[in-house]
Structure formats: C-alpha cells, structure tokens
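Listed here are the chains, written in short residue letters.
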Amino acid sequence: MWSSRLVFILAATGSAVGLGNIWRFPYMASDNGGGAFVLVYLACIAILGLPILIAEVLVGRQGRRSPVHSVVTISEASRASAAWGLMPVMGILAALMILSFYSVVAGWTLHYTWLYVQQLLGSTRLEDPAGSFGALLGNPLQLGMWHAVFMVLTVVVVALGVEKGLERAVRWLMPALFAMLLLLVGYGLTTGHAADAARFLFQPDFGKIDGATVLAATGQAFFTLSLGSCSMMAYGAYLPRDNISLPRTAGTIALTDTAVALLAGMAIFPIVIAYGISPEGGGPGLIFTSLPHAFNDMPLGSLYGLLFFALLSVAAWTSSISMLEPGTAWLSERLGVGSRKKVALGLALFCWLLGLLAALSLNRLAHVKFGERDIMGLLEFVASDLMLPLGGMLIALFTGWAMDRSLLRGQLPEMPEWAFTALRWLLRVVAPLLVLAVLLRAAL
Ligand code: PHE
C-alpha cells in the first residue's frame, strides 16, 4: 500500500512523465506537422485521457489485486463475463513491448549522460551532434550494453518492490528535471527563435490533419499518460481508499504531465530552429541531435548536459518500472508470493531480447522493413499507437458497461450526480466511439 495520496501521485506522475514527454512528444510533433498534432493531442488528453485515467486507477483501487485479477473480481461482483479478464492481458503485453524499445532509448540517454561526464573531465566536446548520434546508432555493442544497464536498473526496483526509492526519485529529481527544462526554455528565449517555435507548436495548419496525424496524436496521449497498458491500474491497486478523490488526483497527474511535454517542446524547438535543423521530420533522434548544440554554447554547458541527461534517465526509469510492474504483479500472483523476483527477471530478460532486436534494426537489421517502418518503428507503432488506444477503449467499455454502477459510484463518492453521469457516458459511448473512429479512419 502507498503510504499516502502524495506517494501515489508521485509514483503515478513518475510513470507518466518520462521519455514520452521529452523524447517522444517533440519528435512526434515534428514528424506530424506541429500545431495540428499538438491540438489533437491536447484534445485527446482532455476527452479520452482524463476519463480513462480515472477509470484505470479506479479499477485498480476497487479490485486491489493485479490488473487481471482486479478485472476478474469486478466482473464477478458485477455478474459480467469473466472474458473481460483477457483485456488486461493485452495491456500487459503492450507494456512489455513498450518497455523493450523504451529501454533502448533510455540507453541512449544513459550514453549521453556518460558522454557529458567525460566532457566535464576534459575530453572533446560533442562538436557534431548529428554525427555522434549516428555513430551511436551504428554501434550495436554500445546500444546493447546501455540497454542492458537500463534494464537491470528497472528490474532491480521491480523485483524488490521498493516504494521508497521510487518516492525519493520522484519527489526530488522530478522537480529538478522541471527546473532544467525551464532553464532550457530560458535559453530558447535568448536564441531569438522562441516565437517561431511557438508558431510551429501552437499554430495548427488544419490542412495537415489526416488519419495518420490523428492516430499518432491519440497514441501519444495514451503513451504519455501510461494508459491502456494497465500501469495505472497496477498502481491504483496500492492506493488507500479513504478521502482520496480520483478525479482530482487524475487531474493533477494529467496537468503535470502535459505541462512537462509542452515545456519540453518550448525548450527544444527554439534550439532546433536556431541551429538550422528543420523542425519538421526530426525523427526519434531529434533531442539528441539538437540539445547538444545548446549545451556546447552555454556557459557550464557540459554540466547542464550531464544534469539534463541524468535527470531524463531517472524520469525514464520511474516510467519503465511501471511498465514491468503489471506483468510482474499478475504472474507472481499466479505463481505464488515467492516468485516475484524470478518473474520480474524473466520478463525483463524477454524485454531485453526483444529490445535487442529493436536496437539491431538501427544498424545490422536496418534492411528489414515493414512498409516504411523498421523493427523498432513497428514495435513502437503497434504497441503505442494501436494497442494502447485499443486497451483504453476496452477499459472505458468495461467501467461503463460491465462494471456495476453502484461499484463505480462507490469509488467516486465526492462527484456530484451530474458529473458522475457525464463521466459514465464519456466512458460508455464517447471515448469508445472516438477511439474506434480514430482507428478506422487511419485504417481506411
Ligand atoms: N508515460 C510514459 C512516458 O511518457 C511511458 C509509459 C507508457 C509508461 C506506457 C507506462 C506505460 O514516458
């Protein structure tokens, strides 16, 4: 059990804030036309993200067990079909798939942290950021090694079930990351390109909104709030019941997460533009090829670079823990209490191997393509943009239709009747139809 509401908020925020905000959001915005993407993304956070976040945490807190058993227990109590228990299995699978490539990218941030340590100790500067990044991607050994280091860090916490470490990391290091972003936004103002960046991010070109943009923005909304993967459900199971308003808590988490993403955007794009990189089509390397320019330029830049990538690694870490937790909770519940460590290790090994394939797709296996996507791109697309929204849709349907109304109401006692009814219809009809429309539109 989390010791308080604050600890839950910290853990859930730790899950939400991560590479999704600082690595993925800017590059997805860059690849999908800027303002149009951001607008749809914000709408998705408000209309889909918030209600589904409430729903996920609520199911966890009601069920009190691993995601699968929580859903089964609630189904039984509501006399609904036990087949609902399959839904979290898909979420757990999505979380593990995400962990596999996420850990590779977190490995990049560890590598950059190390580069700045060396730079501080006097080795040469990252004069050619694009070249250095390319060199990293071309080096399977280095990619695999950092990916392994990150996976070990993740599995240690999950195996031990350490609440304290998580609490400390989020309570102190998250605000530090926030401060670093503010510093970079400040730097962006001095480049003279902040207005261009704001225009790129916030002036939607409606001509650019097509099925693919909307799907990408929807996927990003689920990804950044850790939804559809049962991560929030797993954390909700440890949330004490008394006096904790789920809507308020979910609101706090969503607001913080969105603020971090927008700050990251306003930190990165002025630098991108100032150094003559095109804001469009930046791809997954965007922050690694742009930010080092700024750190080269700033006084104490190496130190800031080190701090930035170290803090980003911590943010990634508190997220990856929440990807491994649902599967570990489920399987160790099935296999018996003593099995937690072995289960966590086994799942991490599986994710490491799958991630290795993703890492190899950046070099040796670059020729393996699915349409225009390589293995890593495919893994990211299927898990983040398809499975998470689908999982979120099922959770909305589950809480809206299958779960007994009085159970649902019992979890939301402080909500006025009109708000509860509105939330319930959002979950029953609006959210599922929207996700369905997004998926169909992208498929057609
Ligand atoms: N929300 C995390 C981030 O933004 C990623 C995540 C996705 C975490 C799915 C858990 C489950 O980095």
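Please read all numbers here as calculations on a predicted model, not as lab measurements.

(A) Just the packing of aromatic side chains, in detail. Per the counting criterion, the structure on display carries 19 aromatic pairs. An angle of 40° between the planes, with centres 5.2 Å apart, marks the rings of Y112 and F309 as tilted. In this pair, Y112 sits in helix α5 (residues 86-120) while F309 sits in helix α14 (residues 301-335), placing the two residues 197 residues apart along the sequence. Across this residue pair, the class does not change: Y112 and F309 are buried. Aromatic side chains F295 and F308 sit 6.0 Å apart centroid to centroid with 45° between the ring planes, which places their arrangement in the tilted category. Here F295 is found in helix α13 (residues 286-297), whereas its partner F308 is found in helix α14, with 13 residues between them in sequence. Taken as a pair, F295 and F308 share a single burial class, namely buried. Ring pairs connect the aromatic residues W108, Y112, Y116, F133, F288, F295, F308 and F309, which therefore count as one cluster. Looking at R428, its charged tip hangs above the ring of W401, at a distance of 3.8 Å from the centre.

(B) Examining the pattern of salt bridges more closely. According to the stated counting rule, one finds 10 salt bridges in the structure shown. Residue R24 pairs with E380 through a salt bridge whose shortest N-O separation is 2.7 Å. Note that R24 is positioned in helix α2 (residues 19-31) and E380 in helix α16 (residues 375-402), a separation of 356 residues in sequence. Residue classification places R24 among the buried residues on the basis of a relative accessible area of 1%. The class of E380 is buried, set by a relative accessible area of 6%. For R24, the salt bridge goes to D385, with nearest N and O atoms at 3.3 Å. You can see R24 sitting in helix α2 and its partner D385 sitting in helix α16, a full 361 residues away along the chain. Accessibility classification places R24 together with D385 in one group, the buried group. Three or more residues joined by partner-sharing salt bridges are found here, namely R24, E380 and D385.

(C) Molecular detail of the site of the ligand. Around the ligand sit 15 residues in total, of which A16, G20, Y102, F223 and S226 are the nearest. S15 has a polar backbone atom sitting 3.2 Å from a nitrogen atom of the ligand. Against a free-state accessible area of 320 Å², the protein chains account for coverage of 100% of the ligand. More than half of the atoms of the ligand fall within 2 Å of the grid points belonging to the largest cavity. Only α1 (5-16), α2, α10 (211-224) and α14 provide two or more residues apiece to the shell around the ligand.

(D) Highlighting the environment of R61. Counting through the fold element by element, R61 comes out in helix α3 (residues 35-63). Expressed as a C-alpha distance, the spacing of R61 and E127, which sit 66 residues apart in the sequence, is 51 Å. Here the side chain of R61 touches Q411 through a polar contact of 2.7 Å, side chain to side chain.

(E) Representation of the packing of α10 against helix α18 (residues 417-443) within the structure. Closest axis-to-axis distance for the α10/α18 pair is 8 Å, and the angle between their directions is 135°. Overall, the two elements α10 and α18 adopt an arrangement that is oblique. Where α10 crosses over α18, the handedness of that crossing is left-handed. Together, G211, V214, L215, T218 and F222 of α10 and V435, V438, L439, R441 and A442 of α18 make up the contact between the two elements. Per-class residue counts for the contact of α10 with α18 are seven nonpolar, two polar and one charged.

(F) Local environment of helix α4 (residues 67-77). Those residues of α4 that sit buried are P67, V68, S70, V71, I74 and S75. Relative to the axis of α4, the buried residues are bounded by an arc of 165° and lie together on one face. Buried residues along α4 sit in contact with α3, α5, α11 (231-236), α14, α16 and α17 (405-411). Once α4 ends, the next one or two residues include R79, with phi positive near 50°.

(G) Looking closely at the side chain of S78. Along the polypeptide, S78 turns up in the loop between α4 and α5. Looking at S78, its side chain comes within polar contact range of the main-chain oxygen of I74, at 2.8 Å. With residues up to four places along the chain from it excluded, the contact list for S78 reads A402, M403, D404 and L407.

Thresholds, definitions, all that
Residues numbered from 1 in each chain as written. Predicted model: local features only at pLDDT ≥ 70, side-chain atom pairs only at ≥ 80, totals over all residues. Heavy atoms only, no water. Phe/Tyr/Trp six-rings, centres within 6.5 Å; stacked < 30°, edge-to-face > 60°. Helix = DSSP H or I, 4+ residues; strand = E, 2+ residues; numbered from the N terminus. Buried < 20%, exposed > 50% of the residue type's maximum accessible area, 1.4 Å probe, protein only. Lys NZ or Arg CZ within 6 Å of the ring centre and 35° of its normal. Salt bridge = Lys/Arg side-chain N within 4 Å of Asp/Glu carboxyl O. Near = heavy atom within 4 Å. Polar contact = N/O pair within 3.5 Å; in protein donor to acceptor, adjacent residues only side chain to side chain. Areas by Shrake-Rupley, 256 points an atom, 1.4 Å probe, with all protein chains shown as cover. 1 Å grid on protein atoms, 1.4 Å probe; cavity = no way out; pocket = protein on both sides within 12 Å on 5 of 7 lines; lining within 4 Å. Sits in = over half its atoms within 2 Å of the grid points. Axes fitted to C-alpha atoms, helices over the stretch in contact; angles between N-to-C directions. Parallel < 35°, antiparallel > 145°, perpendicular 65-115°, else oblique. Left-handed = near helix turned anticlockwise from the far one by under 90°. Contact = heavy atoms within 4.5 Å. Nonpolar A, V, L, I, M, F, W, Y, C, P; charged D, E, K, R; others polar. Arc of directions from axis to C-beta.

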